[in-house]
Structure formats: C-alpha cells, structure tokens
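One-letter residues, chain by chain:
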Amino acid sequence: MEEKLLVLLVGQSNMSGRGYLTDEDVFEIPGLSAIRRDFQWIPAIDPFNFDRLNLLGLSESADPFEVRGLTLCGKQRCGVGPGRTFGRLMLEKFPGKEVGLIPASIGGTAVAAWLPGGKDRWSEAHPYDDSIILAKEALKCGKIVAVLWHQGESDAAENTPDYKEKLKTVIANFRRELNIADVPFILGGLGTFLNPAWPTADFNRMIEEAAAETPHCGFVSAEGLTDRGDHLHFDTESQHELGRRYWKEYCKAAGIKEDSDE
C-alpha cells in the first residue's frame, strides 16, 4: 500500500469543527481518510474529530463513528472544520496519492494543555500526549507533510501571559517528538467575532508573530469570516474558506505552485 500524505490537525474546537453539516460535508471523497482515536482509518466524512460527542449532536448515538446525515434526534449535527477542505485540495494537487487526516484537536483547550503532561480541564484527555500517540500510529501508514493548528480562544478569554512563547514551545515540541523539523506548521488566526471583551487582536498579533519567527511556519488570517451565531465558532461556509486559506498558505510554505482554480 502506498504511504499516505498525513496532515495533523491540532488545537481546539474550531479545528475540530463546529460548523453545521451540509450535503457537501457528508459524502465520501475517494482517497481521503481520517484515523479514529481507536486507530481505525475511516472515510473523512464530517464529523471525523470526535472530541466532544455532545457538542456534535452524537451523545445519543450508540456508535457515533458510523452515524451519517445532517440531523440526529431532531437536532442539527455539527463537525465541519477546515481539515476536509484542505485534504480535498491536497488530493486534487496530487492525484493518485492518498491523504490521511490525523484529527487530534479538543475543544476548549488552553495552550497549557498542549504541553507535555498537559490535561484537558473537561475530561481525562491529555491533548498533547494523546495527539503524539495518535500521530505515531498514523505514521505507520505514511509521512506527515503538514500540521494545521487553530487554537487561542480559551487563552484570549483568560488573557494568558506569554502566550506567544508558549505557542512557539508547542511547535518545537511537536517537531522534535515527531521528527518533522522541516514540515510546514500553519497557524490559524482567531475570528474577529469573538467576545469584544477579549484581547483578540493582541492574540492574533502573537499568533502571526509566532509564525513569522519560526522557520517553515505560516499564518492564516480569519479576517472576513463569520460565526455560526454563537460568537465563538466559524460557520460552515467560513470553515470551507478557512480550509482553502490553510491550503494556500501551506503551498507557500512548502514551495508548491497552486493551480489557478485554487
């Protein structure tokens, strides 16, 4: 079996995906898969990052991995993030290849949870440590060619001191642990629709500076994107656009020429 081009998806809920599902998000894309937390590979049909089952509209499902459709128990299902769009564009650029997504983000996690030994405040998960285990399992099937990161809302809400330095440490740890020193690490900016009391502009500046100060990194602006009505999570259309922006920045960081229609 030809090795997969692997994309590690890390951060908090906007990387996991909270956009409401549409018909565009629930069909199988040949060659695009995602690894579950039980190490099984499944088609990358949203939602495929099962970090908070209750927030995905899956809490009443006996087997959430196999549920399909736009609603469940009379509720809209969510789970649209940027990863599936990014993976589709990578497949289109490299026809004949297989792309494997490694969904390891967990909603509500502060940057401290993404340091070795860090713990999710809402569960028994250890986001960084667990993501390393998942990524190393995925590496048995391919090589990591990109890391997409979207995180910072929790820290903006708490105005975490020295956020930029902590973020740069997170990047360095991932690169060392997974031996991906030269792999593009793309950082996403926070939505401008967040709580106006939060210092969002300051955190976006720190995220952009962290990308500029770190080799083989890129920054993706969320300017002009909209929320789903909760002033926290990108809506579905914005998540699709965010995936396209991640791809554009990835191509720049990786020295890949974009096709004219991308």
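Heads up: these notes are all about the structure in this document. (Residues numbered from 1 in each chain as written. Predicted model: local features only at pLDDT ≥ 70, side-chain atom pairs only at ≥ 80, totals over all residues. Heavy atoms only, no water.)

What follows covers the packing of helix 5 (residues 163–178) against helix 6 (residues 200–212). Interaxial distance between helix 5 and helix 6 falls to 9 Å at its minimum, and their mutual angle equals 40°. Taken together, the axes of helix 5 and helix 6 lie oblique to each other. As helix 5 runs across helix 6, the sense of the crossing is right-handed. The segment helix 5 lies against helix 6, with Tyr163, Lys164, Leu167 and Lys168 engaging Phe203, Met206, Ile207, Glu209 and Ala210. Among the residues forming the contact of helix 5 with helix 6, the class breakdown is six nonpolar, no polar and three charged. (Axes fitted to C-alpha atoms, helices over the stretch in contact; angles between N-to-C directions. Helix = DSSP H or I, 4+ residues; strand = E, 2+ residues; numbered from the N terminus. Parallel < 35°, antiparallel > 145°, perpendicular 65-115°, else oblique. Left-handed = near helix turned anticlockwise from the far one by under 90°. Contact = heavy atoms within 4.5 Å. Nonpolar A, V, L, I, M, F, W, Y, C, P; charged D, E, K, R; others polar.)

Among the secondary structure elements, Ala104 is positioned in the loop between strand 8 (99–103) and helix 3 (127–138). For Ala104, a relative accessible area of 1% corresponds to the buried category. Once residues within four sequence positions are removed from consideration, Ala104 is found in contact with Leu8, Leu9, Val10, Arg37, Asn49, Trp114, Ser131 and Leu134. (Buried < 20%, exposed > 50% of the residue type's maximum accessible area, 1.4 Å probe, protein only.)

Residues lying three or four places apart along an α-helix face the same way, a consequence of the helix completing one turn every 3.6 residues. Under the 1.5 Å per step criterion, the end-to-end length of helix 6 is 18 Å for 13 residues, consistent within 8% with the ideal 18 Å. Considered for burial, the residues of helix 6 that qualify are Thr200, Phe203, Asn204, Met206, Ile207, Ala210 and Ala211. Angular distribution of buried residues about the axis of helix 6 spans 160°; they occupy a single face of the element. Those residues of helix 6 that are exposed and angled more than 90 degrees off the buried face are Ala201 and Ala212. In the core, the buried residues of helix 6 are packed alongside helix 4 (153–158), helix 5, strand 10 (185–188) and strand 11 (217–220). (Expected span 1.5 Å × (residues − 1). Arc of directions from axis to C-beta.)

What follows concerns the pattern of salt bridges. Tallying each qualifying case throughout the model produces 16 salt bridges. Lys4 serves as the salt-bridge partner of Glu98, at 3.1 Å between the closest nitrogen and oxygen. Taken together, the positions of Glu98 in the loop between helix 2 (83–93) and strand 8 and Lys4 in strand 1 (residues 4–11) put the pair 94 residues apart, joining distant regions of the chain. In this structure Glu98 comes out as partly exposed when scored by relative accessible area, which is 32%. Take Lys4: its relative accessible area is 7%, and that puts it in the buried class. A salt bridge links Glu137 to Lys140; the nearest nitrogen and oxygen atoms lie 3.0 Å apart. On the basis of relative accessible area, Glu137 is assigned to the partly exposed category, the value being 22%. Residue class for Lys140 comes out exposed when judged on its relative accessible area of 65%. Residues joined by salt bridges that share partners form a network here, namely Lys164, Lys168, Arg205, Glu209 and Glu213. (Salt bridge = Lys/Arg side-chain N within 4 Å of Asp/Glu carboxyl O.)

Below, the discussion takes up the packing of aromatic side chains. Under the criterion given, the structure shown has nine aromatic pairs. Their ring planes at 80° and their centres at 5.7 Å tell us that Trp114 and Trp149 sit as a pair that is edge-to-face. A residue pair is termed long-range when its members are at least 10 positions apart, and Trp114 in the loop between strand 8 and helix 3 and Trp149 in strand 9 (residues 142–150) qualify at 35 residues. Considered together, Trp114 and Trp149 belong to a single accessibility category, that of buried residues. (Phe/Tyr/Trp six-rings, centres within 6.5 Å; stacked < 30°, edge-to-face > 60°.)

The next thing to look at is the state of the cysteines. By the definition in use, this model includes zero disulfides. Among the cysteines around Cys251, which has no disulfide bond, Cys217 carries the closest sulfur, lying 16 Å off. Cys251 gets classed as buried once you look at its relative accessible area, which sits at 2%. (Disulfide = S-S within 2.5 Å.)

Between helix 3 and helix 5, the shortest axis-to-axis distance is 11 Å and the interhelical angle comes to 35°. Between helix 3 and helix 5 the crossing geometry is right-handed. In this structure, helix 3 uses Tyr128, Ser131, Ile132, Ala135 and Lys136 to contact helix 5, whose residues at the interface are Asn173, Phe174, Glu177 and Leu178. The residue inventory of the contact of helix 3 with helix 5, partitioned by class, reads five nonpolar, two polar and two charged.

Time to look at the pairing of strand 9. Taken residue by residue, a regular strand's side chains alternate between the two faces of the sheet. The buried fraction of strand 9 amounts to eight of the nine residues, a majority that puts the element mostly inside the structure. By the bridge criterion, eight bridges tie strand 1 to strand 9 in an arrangement that is parallel. Looking across to strand 9, one finds that Leu9 is bridged to Leu148. By the bridge criterion, three bridges tie strand 9 to strand 10 in an arrangement that is parallel. Looking across to strand 10, one finds that Trp149 is bridged to Leu187. (Pairing = 2+ DSSP bridges.)

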